[in-house]
Amino acid sequence: MIDRGGAPARSSGEPATGSVVALVEAASRVERELIGTWLADGGLAAELGTDAPATQIDLDAGAIADRLTGRTDDPLVVPVRVLWLPPEREGVRRTTFADLVMMSNPRKPHRFAQRRLVRREPDRHVVLTGRPARLSELRANNPEASALHIAGTTEPFARAILRAGVVALERAERSVIGDRYKVPRLVAEEILDSPEFLRRLDLIADRIGASRHEVYRRAEKALQELVAAQSRLVSDLFTQAMRPVHASTWNVDIEESGLHALRDLNRRYPLVFLPSHRSYVDAFVLGDVLARNDFPPNHVIGGANLRFWPMGPIARRTGTVFIRRSFGDDEVYKAVVEEYFGYLLAKRFNLEWYFEGGRTRTGKLRPPRYGLLNYLAAAVRWNRIDDVMLVPVSITYERLNELGAIASEQSGGKKKPEGLGWMARYVRSQQHSAGHVYVRFGAPLSARERLAAYGDPLTAPPLSIPLHRADGTAAPVVDTGDEVGELERKAVQRLAFEVAVGINEVTPITVNALATLALLGVHERALTLREVCDLLAPVLDYIERRDLPRGEVAALRDEQSLAVVLEQLSLAKVVTVYRGGLEPVYSIESGAHLEAAFYRNSAVHWFVNRAIVELSILAAVDKATQDLDDGVDTDPLRTGWEEAHRLRDLLKFEFFFPERSEFSEQLTAEMLLIDPGWNHRTRDTLSVEILAQLTASGFMMAHRVLRSFFDAQLVVAERLADRGGETIADRKQFIDECVAVGKQMLLQQRLHSPESVSTELFTSALKLAANYDLVDPAEAETAELAMRRGEFAERLRVIGARISRAAALDPSNIPGAER
């Protein structure tokens, strides 16, 4: 590439001999003149190392079909265009809102501006060439289109050459302007020209009894709806517009080393970023972090609920792909989504989606959705890509200004629909400082390696109609059967589980997570600053001993710094402060328990195993005491392990637990932290001595971490038991009933805290009950089902009583206890 302003040449390929064809993309007379002058001055000859004259042909399918595709010689084909550059601003060439005010786009100046730039700022344009290819190479790379050309149909091959030229020029542009501006073009056209995809549409038409023309038009319409029409101008301006929304609210904290490693990996593989989803601003925060580090823009897969004006059109031009929330039995739409998804991966565009399916309402990770991961697995299975790297991403906020609406939804309120008014309120709510937002990248996962390790039959055909292999040949249509399909489903589920674990492993503990952990665990008591500090001291020791990822939590050892944290939570109306006595005392604001639980739950997964150990020790003590009264010899260690695994099973829809063997290893490590000599104690005194060590550790976690989840399960269990053997016809109505009854139980003090009255927790509890075959059993006697439901509820009452005992052992709940 040679710059008219005198920039050095860039080699586009090997020296060429023979005839040369320049495919000229020129949108104006000025651009055509610049390219013509450049060619006449020997620019192409210098770049390719040949004196062969160049024939100019417009980069247009019609011109290519008329003047190139039928040639019998083998010319070297070189795409050429003029690249216009924005002026340098603070050392970076970018578009700003000042350009928009002047009604100009520096990347696409109008013809009068082009002439002025050529005269006054010759460094603002570059004559660019894409990587050349022989006509024979283009035929070999497009065998089916070339075959149609031989048969007399020239358009498919001409369009293939056009696309190849555009792609070559786009790649050449990125070498100048950076990977951040990787923008796909002609996507819908290329997909609709794919012979394999057209064959798939034909099969769908035959199966659903529709005409091929109708199915093709439906596919074309779906593609127009899906394909992100990215614009470099809009991307620049949108980034500048949205950056202040979060830049003035949070101090973004990232780990640079993780980004460096990802950038190296991205040179070989497409990346799929899978972030935790706590806020609408997640995509802006992550997008800004990646843009500042020169990553290409992600194609962000989003729900159609955000496709309102003007957000939808803008977001679509910055890479957002809006997918319908549900498309049921629409085989055409499903085929289009699957093909578009495979196309993006095959072309190595980076993707991003929130695999939880929506924002968390509780602060912890939600169960994953598998739909898009299934499409990814299919692309790997059919060798459309060598591999794709999945990147777990944790985005953790010290404070969020949108929690009020989330809490309202959890206690039965209606979610307000997104729209222009909603967006204005949202932006306005982000104008208050909210501390840090921590962006952390987990260890990347090779999709191919992990799926193979989980037993996905990578050489077997997929369940759906196949796409095509990497070599362009059609894959056979084979009925795989239920066994293979089950292996595929399990492999994808395991992959999603590992992503979730990867997110949790890098999620830091924040100051607000610990502050709310402390205040939520004292049952509406107010604490002095000294009491909060003393309560947190052993927890901070525990965090340091385990070397858990954390924010600036060490500051909580200092009363003055702790006071600042609590005052900030007070301004956010999560904590209330009473100052009328001898000294300020702090407690959770009335009605703000769900908001406080959201902050605590962002880090709650780090303390779940500790809480399970505490309840298992208490269960062992209970069993030993009962067996002693009954004169029965007991094994407290066995009792404790059995209880730990029962608790793990009850919480499997709330947390991501490893396999039983690894889980046992983790609990063993927790036991060693409590009592380093526990495995050397005698059987007769084991449970009592470990309980003494547990109490001496200075804190208890069971009531702080697990109570709300088991209380929610109790509400669901009692509502099921009240129905006897009746099945649940309407689950939404049942959840609404749980909310209403939960509020009554809270008033009766049968539940510990308002955070237990949550539609999200009730939904998970109902899934657990269904897993135990307690909701809609296929075959069950009414009396037998009623009995099992009653036993389930009683089991949860026992756990609730045990959690209350754990709370009573906590030094913060013992008046005058030394800490």
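The rules behind the values
Residues numbered from 1 in each chain as written. Predicted model: local features only at pLDDT ≥ 70, side-chain atom pairs only at ≥ 80, totals over all residues. Heavy atoms only, no water. Helix = DSSP H or I, 4+ residues; strand = E, 2+ residues; numbered from the N terminus. Buried < 20%, exposed > 50% of the residue type's maximum accessible area, 1.4 Å probe, protein only. Contact = heavy atoms within 4.5 Å. Areas by Shrake-Rupley, 256 points an atom, 1.4 Å probe, with all protein chains shown as cover. Salt bridge = Lys/Arg side-chain N within 4 Å of Asp/Glu carboxyl O. Pairing = 2+ DSSP bridges. 1 Å grid on protein atoms, 1.4 Å probe; cavity = no way out; pocket = protein on both sides within 12 Å on 5 of 7 lines; lining within 4 Å. Points joined across faces, edges and corners; volume = space filled by probe spheres on them. Nonpolar A, V, L, I, M, F, W, Y, C, P; charged D, E, K, R; others polar. Core = buried A, V, L, I, M, F, W, Y, C linked by side-chain atoms within 4.5 Å. Expected span 1.5 Å × (residues − 1). Arc of directions from axis to C-beta. Axes fitted to C-alpha atoms, helices over the stretch in contact; angles between N-to-C directions. Parallel < 35°, antiparallel > 145°, perpendicular 65-115°, else oblique. Left-handed = near helix turned anticlockwise from the far one by under 90°. Phe/Tyr/Trp six-rings, centres within 6.5 Å; stacked < 30°, edge-to-face > 60°. Lys NZ or Arg CZ within 6 Å of the ring centre and 35° of its normal. pLDDT = per-residue confidence, 0-100. Patch = residues over 30% accessible without salt bridge, like charges linked within 9 Å, V, L, I, M, F, W, Y side chains within 5 Å. Lys, Arg positive; Asp, Glu negative; His and termini not counted. Charge placed at Lys NZ, Arg CZ, Asp CG, Glu CD.

**Some points on the overall build of the protein**
Here's step 1: Helix and strand counts for the protein stand at 34 helices and 18 strands.
Here's step 2: The burial tally for the protein puts 54% of its 819 residues in the buried class.
Here's step 3: Sequence-distant contacts, at least 24 apart, represent 78% of the contacts inside the protein between residues at least 6 apart.
Here's step 4: Surface exposure of the protein reaches about 35,800 Å², of which carbon and sulfur atoms provide 51%.

**Side note on the pattern of salt bridges**
Here's step 1: On inspection of all chains with the given rule, the structure shows 53 salt bridges.
Here's step 2: A salt bridge links arginine 159 to aspartate 193; the nearest nitrogen and oxygen atoms lie 2.6 Å apart. Here arginine 159, found in helix H8 (residues 155–177), pairs with aspartate 193, found in the loop between helix H9 (187–192) and helix H10 (195–208); they are 34 residues apart in sequence, far enough to count as distant.
Here's step 3: The class of arginine 159 is partly exposed, set by a relative accessible area of 30%.
Here's step 4: Two residues, glutamate 643 and arginine 646, come together in a salt bridge whose shortest N-O distance is 2.9 Å. Residue glutamate 643 and its partner arginine 646 are located together in helix H27 (residues 636–650), separated by three residues, close to a single helical turn.
Here's step 5: By relative accessible area, which is 8% here, glutamate 643 ends up buried.

**Some thoughts on the sheet that holds strand E16 (residues 527–528)**
Here's step 1: Ordered in space as E16-E18-E17, the three strands form an open sheet in which the pairing is antiparallel. Strands at the two margins of the open sheet, each flanked by one partner only, are E16 and strand E17 (575–578).
Here's step 2: Pairing of E16 with strand E18 (residues 585–588) involves two bridges; the strand directions are antiparallel. Residue pairing for E18: threonine 528 is matched across the bridge by valine 585.

**A look at empty space enclosed by the protein**
Here's step 1: What the rule picks out here adds up to five cavities of 30 Å³ or more.
Here's step 2: Computed from the structure, the largest cavity encloses a volume of approximately 220 Å³.
Here's step 3: Taken together, 15 residues form the lining of the largest cavity, with Ile617, Leu637, Gly640, Trp641 and Met671 sitting closest to its centre.
Here's step 4: The set of elements that each furnish at least two residues to the lining of the largest cavity consists of helix H26 (608–630), H27, helix H28 (660–674) and helix H29 (686–696).
Here's step 5: If you tally residues by element for the lining of the largest cavity, the top one is H27, at five residues.
Here's step 6: In terms of residue class, the lining of the largest cavity is made up of twelve nonpolar, three polar and no charged.

**Regarding the nonpolar core**
Here's step 1: Residues Phe441, Leu514, Phe607, Ile612, Leu706 and Phe710 are the most contacted members of the largest nonpolar core, which totals 125 residues.
Here's step 2: Here the element with the most residues in this core is helix H23 (residues 529–546); it accounts for nine residues.
Here's step 3: Once residues lying within four places of it in the same chain are set aside, the contact partners of leucine 706 are Val608, Ala611, Ile612, Leu615, Leu651, Phe655, Met701 and Ile803.
Here's step 4: In terms of nonpolar packing, the next biggest core, distinct from the first, is built from 58 residues, Leu373, Tyr375, Ala379 and Leu390 among them.

**Things to note about the side chain of asparagine 266**
Here's step 1: Among the secondary structure elements, asparagine 266 is positioned in helix H13 (residues 256–266).
Here's step 2: Setting aside residues no more than four positions away along its own chain, asparagine 266 makes contact with Leu271, Phe295, Pro296, Arg348 and Asn350.

**What to know about the pairing of strand E14 (residues 436–441)**
Here's step 1: Of all six residues making up E14, six are buried, and the element is well covered by its neighbours.
Here's step 2: Neither face of E14 is exposed, since His436, Tyr438 and Arg440 on one face and Val437, Val439 and Phe441 on the opposite face are all buried.
Here's step 3: Here strand E8 (residues 251–254) pairs with E14 via four bridges, running parallel. The residue bridging isoleucine 254 from the neighbouring strand is valine 439, located in E14.
Here's step 4: In terms of strand pairing, strand E13 (residues 389–397) meets E14 through five bridges, oriented antiparallel. Paired with tyrosine 397 across the bridge in E14 is valine 437.

**Section: helix H25 (residues 593–601)**
Here's step 1: Of all the nine residues making up H25, nine are buried; the element is thus mostly covered by neighbouring parts of the structure.
Here's step 2: Buried residues of H25: His593, Leu594, Glu595, Ala596, Ala597, Phe598, Tyr599, Arg600 and Asn601, and no others.

**What to know about helix H11 (residues 212–226)**
In an α-helix, one turn spans 3.6 residues, which is why side chains three or four residues apart end up on the same side.
Here's step 1: For H11, built from 15 residues, the straight-helix expectation of 21 Å at 1.5 Å per residue is met to within 8% by its first-to-last C-alpha distance of 21 Å.
Here's step 2: All buried positions along H11 are accounted for by Val215, Ala219, Ala222, Leu223, Glu225 and Leu226. For H11, the angular spread of buried residues about the axis comes to 160 degrees, placing them on one side. Looking at H11, the residues exposed on the side facing more than 90 degrees away from the buried face are His213, Lys221 and Gln224.

**Digging into the packing of H27 against helix H34 (residues 782–809)**
Here's step 1: Packing of H27 against H34 leaves a shortest axis separation of 13 Å and a crossing angle of 115 degrees. Relative to H34, the element H27 is oriented roughly perpendicular. Considering the relative orientation of H27 and H34, their crossing is left-handed. Counted together, Glu643, Arg646, Leu647 and Leu650 of H27 and Phe792, Arg795, Ile799 and Arg802 of H34 form the full contact between these two elements.
Here's step 2: For the contact of H27 with H34, the per-class residue count stands at four nonpolar, no polar and four charged.

**Focus on the packing of H27 against H28**
The geometry of a pair of packed helices is captured by two quantities: the angle between their axes and the separation between those axes.
Here's step 1: Running from amino to carboxyl end, H27 crosses H28 at an angle of 120 degrees, the nearest separation of the two axes being 11 Å. By crossing handedness, the relation of H27 to H28 is classed as right-handed. Seen from H27, the contacting residues are Trp641, Ala644, His645 and Arg648; seen from H28, they are Arg660, Phe663, Ser664, Leu667 and Thr668.
Here's step 2: Split into classes, the residues belonging to the contact of H27 with H28 amount to four nonpolar, three polar and two charged.

**What to know about the packing of aromatic side chains**
Here's step 1: Inspection of every chain in the model, using the stated rule, returns twelve aromatic pairs.
Here's step 2: With a centroid separation of 6.3 Å and an interplanar angle of 70 degrees, the aromatic rings of phenylalanine 655 and phenylalanine 657 are classed as edge-to-face.
Here's step 3: Of note, arginine 324 hangs over the ring of tyrosine 333, and the distance from its end group to the ring centre comes to 3.8 Å.

**Structural notes on unusual backbone geometry**
Here's step 1: For histidine 523, which is not a glycine, the phi torsion comes out positive at approximately 50 degrees.
Here's step 2: Structurally, histidine 523 can be placed in the loop between helix H22 (511–520) and E16.
Here's step 3: Although it is not a glycine, aspartate 773 adopts a positive phi angle of roughly 65 degrees.
Here's step 4: What makes aspartate 773 partly exposed here is its relative accessible area of 35%.

**Examining the environment of proline 195**
Here's step 1: Within the element layout of this structure, proline 195 appears in helix H10.
Here's step 2: As a C-alpha pair, proline 195 and alanine 145 span 50 residues in sequence and 8.6 Å in three-dimensional space.

**Describing the confidence of the model for the protein**
Here's step 1: Overall, the predicted model of the protein reaches an average pLDDT of 83, with 80% of residues at or above 70.
Here's step 2: pLDDT under 50 marks residues 1–16. Its contacts with residues more than four places away, or in other chains, come to 43 contacts.
Here's step 3: Contacts of residues 459–481 to residues separated by more than four positions or lying in other chains number 53 contacts, the stretch itself having pLDDT below 50.

**Looking at a negative patch on the surface**
Here's step 1: Together, Glu505, Glu659, Glu662 and Glu665 make up a negatively charged patch on the protein surface.
Here's step 2: Take glutamate 662: it is sitting in helix H28.

**Considering the side chain of threonine 510**
Here's step 1: Mapped onto the secondary structure, threonine 510 falls in the loop between helix H21 (481–506) and H22.
Here's step 2: Residue classification places threonine 510 among the buried positions, given a relative accessible area of 1%.
Here's step 3: Contact partners of threonine 510, with chain neighbours within four places excluded, come to Thr396, Glu398, Tyr438, Val553 and Ser602.

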